[in-house]
Amino acid sequence: MKNITFILFSMLLLSKGTAQSKDIEYKDGEQLLSGISVKPTKPTANRPGILILPAWMGIDEHAKESANRLAALGYITFIADIYGKDQRPKNYSEAGEKAGYFKKTIKEYQIRIKLALEQLIKQGANPDNIVVMGYCFGGTGAIEAARSNMKVKGVVSFHGGLGRDLSRDINPITPKVLVLHGADDPYESKQEVDYFQEEMRKAQADWQMIFYANAVHAFTDKNAGNDNSKGAAYNELADQRSWKAMMIFIKEVLK
């Protein structure tokens, strides 16, 4: 039923001429990547762009739905392919392995994000008017975009990983940061949350962190079930509230 709803939603957008979806192939060396561009027929003034970094399974319906919703509002969007066209995980085990690799080799993750940013700009986004957002593993990537001071106005992390190698230097962070976090997320310890907040202070970042009651990991993912005891579950209220928080943030930082 959820897939049918998404398909009908996408068809409605396309039938109204509000969004144009297209697969875009690009490369990191010899690795072929395939992201998705979703553009409004009439972009908002100053052509604001939003890069979407998917969760650990790679490009999924959740990322596509977000791209369509944002394109319907006039934003030029691009869904990044972090793993590669022929490297998509087939199950959670493979997803954990692949996501873990990029978390450990953070420079390679940053390169894949930058390549996706280039594609967003090629699709017409204003290079001086971009926000990066991400879910779970993608939320980690959004924070890394801020840590590495990519040329973006801001970043939004939905239930993303906050940890970093403590041996890494803390440098000033220019992009504005919004972190949307489940108050009961078992995958981020209080210590990691404290370390992250201290990092933001030392980096003199313009940052916000919002906690959602009764929300665990993956609270925006409708396919995550509703059993909080499993550590990852959908929470409709937190999903709605976090989306509204992101839209307020986007309107503030983008022209």
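Scroll up to find the structure.
Residues numbered from 1 in each chain as written. Predicted model: local features only at pLDDT ≥ 70, side-chain atom pairs only at ≥ 80, totals over all residues. Heavy atoms only, no water.

A. Up close: the side chain of Thr-140. Inspection of the secondary structure assignment puts Thr-140 in helix 5 (residues 137-147). Setting aside residues up to four positions removed in sequence, Thr-140 forms contacts with Lys-103, Tyr-109, Ser-157, Gly-160 and Gly-161. (Helix = DSSP H or I, 4+ residues; strand = E, 2+ residues; numbered from the N terminus. Contact = heavy atoms within 4.5 Å.)

B. Main features of the pairing of strand 5 (residues 130-135). For strand 5, the buried fraction is high: six of the six residues fall into the buried class. Burial along strand 5 is two-sided: the face carrying Ile-130, Val-132 and Gly-134 and the face carrying Val-131, Met-133 and Tyr-135 are both buried. Across five bridges, the pairing between strand 3 (residues 49-53) and strand 5 is parallel. When the bridges of strand 5 are listed, Leu-53 appears paired with Gly-134. Sheet topology note: the strand 5/strand 6 (residues 154-158) ladder contains five bridges and is parallel. Bridge pairing links Met-133 to Val-156 in strand 6. In the classification by handedness, the crossover that spans strand 5, the intervening helix 5 and the parallel strand 6 is right-handed. (Buried < 20%, exposed > 50% of the residue type's maximum accessible area, 1.4 Å probe, protein only. Pairing = 2+ DSSP bridges. Right-handed = clockwise from strand over helix to strand, strands pointing away.)

C. Quick peek at the packing of helix 3 (residues 92-104) against helix 4 (residues 106-122). Contact geometry of helix 3 with helix 4 gives a least axis separation of 4 Å together with a crossing angle of 100 degrees. The orientation of helix 3 relative to helix 4 falls into the category roughly perpendicular. Residues Tyr-101, Phe-102, Lys-103 and Lys-104 of helix 3 pack against Ile-106, Glu-108, Tyr-109 and Arg-112 of helix 4. The class makeup of the residues in the contact of helix 3 with helix 4 is four nonpolar, no polar and four charged. (Axes fitted to C-alpha atoms, helices over the stretch in contact; angles between N-to-C directions. Parallel < 35°, antiparallel > 145°, perpendicular 65-115°, else oblique. Nonpolar A, V, L, I, M, F, W, Y, C, P; charged D, E, K, R; others polar.)

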